[in-house]
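# Results of the structural survey
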Amino acid sequence: HREPLGAGQLERALCQANDVDAQMEQLVGLLELSEGERRLRHLLVALFQEVFSEFFPSCSVLPFGSSVNGFDAHGCDLDLLLDLEPTKSLQSSARGSPGAEESILSDIDLASASPPELLELVAAVLRRCVPGVRRVHAVPTARRPVVKFSHKQSGLAGDISVDNRLALHNTRFLRLCGEADERVRPLGYAVRLWAKQQGLAGNPAGGGPLLTNYALTLLVLFFLQTRSPPVLPAVAQLRELAGDEDRVVVAGWDCSFPRDAALLEPSANSESPSSLLAEFFRVFGDFDFSGQVLSLREGRALPLPEAGELFKQGSLNLQDPFELSHNVAANVTEKTAARLGHCCRAAAKYCRSLQYRCKSTKGRGWGLARLFQPGAVEPGAGAASFLISIPVPAPWCPEEPGGGFKEICAGIAFVLRDVLRCSCTPGKPPKQLGAPRAGQSLPQDPVGGKEPPGDTAGVEEEPLQPPTASKRPQPDGTDGAAPPRAKRPRVNGPEQEEEEDEEEEEVVASWSCTVWHHVWTGRRRLRRQLLHGASPEEPEEGGDSLELEQKVSEAIVQHEGAARPPEPLLRFEASARLAGGGRREPRVLLRLTPSPAPGPLFRDFFHFLQAFLPPALRRRLGWGPGAAP
Ligand code: ATP
Ligand code: MG
């Protein structure tokens, strides 16, 4: 069982593609289940089938949802239907026959059992009889009651529902659409991942205010039905193409459509996947979600009354393609619907930019990579920033104004400028260097209570939060997303001004930095060459001799042609402040805010700097382990 890909890995892989269409194709390959993962799911289904057949003769265990609908992703859950209809018929025909009393079926009358009773029975079988299954619990109150479980060896999470045959058909419908045109899956994967990153989708089975993946996929399919010419046919047209063997009615709803995508006419639409994605955002960025019904059956938006009286109107009206009285987005709140529109508009704007369409030659995020960064394409969202936390030996903790902090800041600038050959010009002149006022405690470390590992530098990349979540208050008085020196809007009056001055004290030094050379690559080899093998010990990154480190950087600069390239590799703002206090070690927090938004190149530089800077600084300032200044 594979873990979902890390954001960095995905981003790096996408950035290597040549254009956005290639990124979209690659995205599917990066996310979809491997053969091994599929096999494992088949084995699990077979295991469940074997066990449940013992208790419910002739029952079937059938997978639905993302494991089989063509929109699978590493780690997606395993949705299973336990179909007891054949068992019920068997039970009713066996009633009164000899031997029926001894049969296991005599325990419970399936036809008259209440859904919670059935669920408890299923849960009991799972708990007691299926090896490796854990955390079994029934959720009888959901719209579609399920028993949840997880599988220990594979880490898979799953749901078993009873009596939800519609799910089999809507799963088959999604699958058919994915097979009908090769642009459907790339678009579905891109929109699903984007929505997840924006915090618009994710909660399973409509339990919360967000869109389910099912609803989101239907939104994509609806969009494709409504292109001109259409990429996908409406469900009503599919019904016309259904053969006799495809005709089915489930719970009164017509679920007839062809099983085989080869029966469908190829689409006359020739839009590329990347322009379809841009159009998806444009169309839904400016869509009246609450005033009409998105009908996949008709392949167009309908006036609200046409959905019928039973249809539960809401902030987003998306009609199930088969169960026509069901609004699959009935759970979506007004706020989520508004955010969907807002995020679509921001994404549409980004899709018009060069950063979307053109591969970056400087290692910056472009195309999908940038689209998937939470908040990165949101107008007004703060820049992502990265934090390096440097523990300060106790005697350096400045009790008095200026006591030590000035030197620490000078040390940081020295390492950036003189050791790593970056340009580094002071930002806003440092205020109130160093010391908090008497009686004022040091600001607490914002790293969320997590102690950095080891005794050297602790580093934390600030989580890239969706815009709403990033508004959590930070101890530095900003909202966590704003650039380091952002001020709150001024309320005016001398008192407020004074208050602001106190806030400002926390940011005590800042620089604008530019990186011109790949000074973070190949250092180890150069270090060894420069030492001519003189030192038997591998020198510590940045900690051995700053003179040597300067020579290493010089060699890299020479190797790259000595002159500065016309364009820098990276730019970022850096700001340093003191944190810690209370029971926490005093430390200097260095915040790097790259602009434009960070790509893989910046991340590589950052990871290098987080290891390099603290020991280099220790050496510069003469701190041995536990050394006093
Ligand atoms: P995930 O990777 O999130 O599990 P998924 O493709 O399995 O994605 P889900 O949203 O879990 O999508 O949906 C699985 C099945 O559950 C769908 O095929 C559908 O039958 C049913 N379902 C999910 N959400 C809804 C909903 N809002 N209304 C009706 N049925 C739903
Ligand atoms: Mg699912």
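These notes cover the structure that comes with them.

### Here we look at the sheet that holds strand 4 (residues 146-151)
Strand order across the open sheet formed by 5 strands is 1-2-5-4-3, with mixed pairing between neighbours. Pairing within the sheet leaves two strands with one partner each, and these edge strands are strand 1 (60-64) and strand 3 (133-139). For this sheet the average axis-to-axis angle between neighbouring strands, irrespective of direction, equals 25°. One ladder, built from 5 bridges, connects strand 1 with strand 2 (residues 78-83); its direction is antiparallel.

### Focus: the coordination of the magnesium ion (ligand 2)
For the magnesium ion (ligand 2), the protein coordination sphere consists of Asp-77 (OD) and Asp-79 (OD), at 2.3 Å. Relative accessible area serves as the criterion here: at 12%, Asp-79 is assigned to the buried category.

### As for the sheet that holds strand 9 (residues 300-303)
Sheet strands line up and pair through hydrogen bonds in the backbone, either parallel or antiparallel. Strand order across the open sheet formed by 3 strands is 9-8-10, with mixed pairing between neighbours. Sheet topology places strand 9 and strand 10 (318-319) at the edges, where each strand pairs with a single neighbour. Relative to strand 9, strand 8 (residues 292-295) runs antiparallel, the two being bridged by 4 bridges. Opposite Ser-295, over in strand 9, you have Arg-300 as the bridge partner. Most of the contacts of helix 8 (residues 213-225) go to strand 8, to which it runs at about 85°, and overall it touches strand 8, strand 9 and strand 10.

### Remarks on the site of ligand 1
Near ligand 1 there are 17 residues, and of these Ser-66, Asp-77, Asn-170, Asn-213 and His-326 occur at the shortest range. His-326 places a side-chain nitrogen or oxygen 2.8 Å from a nitrogen atom of ligand 1. Measuring from a nitrogen atom of ligand 1, one finds a backbone N or O atom of Val-328 at 3.0 Å. Across the complex, the protein chains shield 86% of the 600 Å² of accessible surface that ligand 1 would expose by itself. Of all the secondary-structure elements, those providing two or more residues to the shell around ligand 1 are helix 6 (165-180) and helix 8. No other element matches helix 6, which puts 3 residues into the shell around ligand 1. A class-by-class count of the residues in the shell around ligand 1 yields 5 nonpolar, 8 polar and 4 charged. Taken domain by domain, the makeup of the shell around ligand 1 includes at least three residues from each of domain 1 (35-163) and domain 2 (169-358).

### A closer look at the pattern of salt bridges
All chains considered together, the criterion is met by 21 salt bridges. Arg-165 is the partner of Asp-83 in a salt bridge, and the nearest nitrogen-oxygen pair spans 2.5 Å. Taken together, the residues Asp-83 in strand 2 and Arg-165 in helix 6 connect sequence positions 82 residues apart. Note that Arg-175 is salt-bridged to Glu-179, the shortest N-O span being 3.3 Å. Here Arg-175 pairs with Glu-179, and both are found in helix 6, just 4 residues apart, close to one helical turn. Residue Glu-179 is classed as partly exposed on the basis of its relative accessible area of 44%. Look at the salt bridges and you will find they share partners, linking Arg-227, Glu-271, Glu-279 and Arg-282 into a network.

### Quick look at the packing of helix 14 (residues 405-419) against helix 18 (residues 600-621)
Look at helix 14 against helix 18: their axes get within 9 Å of each other, and the N-to-C directions meet at 120°. Relative to helix 18, the element helix 14 lies oblique. Judged by the sense of rotation from one axis to the other, the crossing of helix 14 with helix 18 is right-handed. When helix 14 is examined against helix 18, the residues Glu-407, Ile-408, Gly-411, Ile-412, Phe-414, Val-415, Leu-416 and Val-419 are found in contact with a partner set consisting of Leu-609, Phe-612, Leu-613, Ala-616, Leu-617, Arg-620 and Leu-621. For the contact of helix 14 with helix 18, the residue count by class is 12 nonpolar, 1 polar and 2 charged.

Conventions we followed
- Residues numbered from 1 in each chain as written.
- Chains lettered and ligands numbered in written order.
- Predicted model: local features only at pLDDT ≥ 70, side-chain atom pairs only at ≥ 80, totals over all residues.
- Heavy atoms only, no water.
- Pairing = 2+ DSSP bridges.
- Helix = DSSP H or I, 4+ residues; strand = E, 2+ residues; numbered from the N terminus.
- Axes fitted to C-alpha atoms, helices over the stretch in contact; angles between N-to-C directions.
- Donors = N, O, S within 2.8 Å, 3.2 Å for Na, K, Ca; no water.
- Buried < 20%, exposed > 50% of the residue type's maximum accessible area, 1.4 Å probe, protein only.
- Contact = heavy atoms within 4.5 Å.
- Near = heavy atom within 4 Å.
- Polar contact = N/O pair within 3.5 Å; in protein donor to acceptor, adjacent residues only side chain to side chain.
- Areas by Shrake-Rupley, 256 points an atom, 1.4 Å probe, with all protein chains shown as cover.
- Nonpolar A, V, L, I, M, F, W, Y, C, P; charged D, E, K, R; others polar.
- Domains from an automatic or database assignment.
- Salt bridge = Lys/Arg side-chain N within 4 Å of Asp/Glu carboxyl O.
- Parallel < 35°, antiparallel > 145°, perpendicular 65-115°, else oblique.
- Left-handed = near helix turned anticlockwise from the far one by under 90°.

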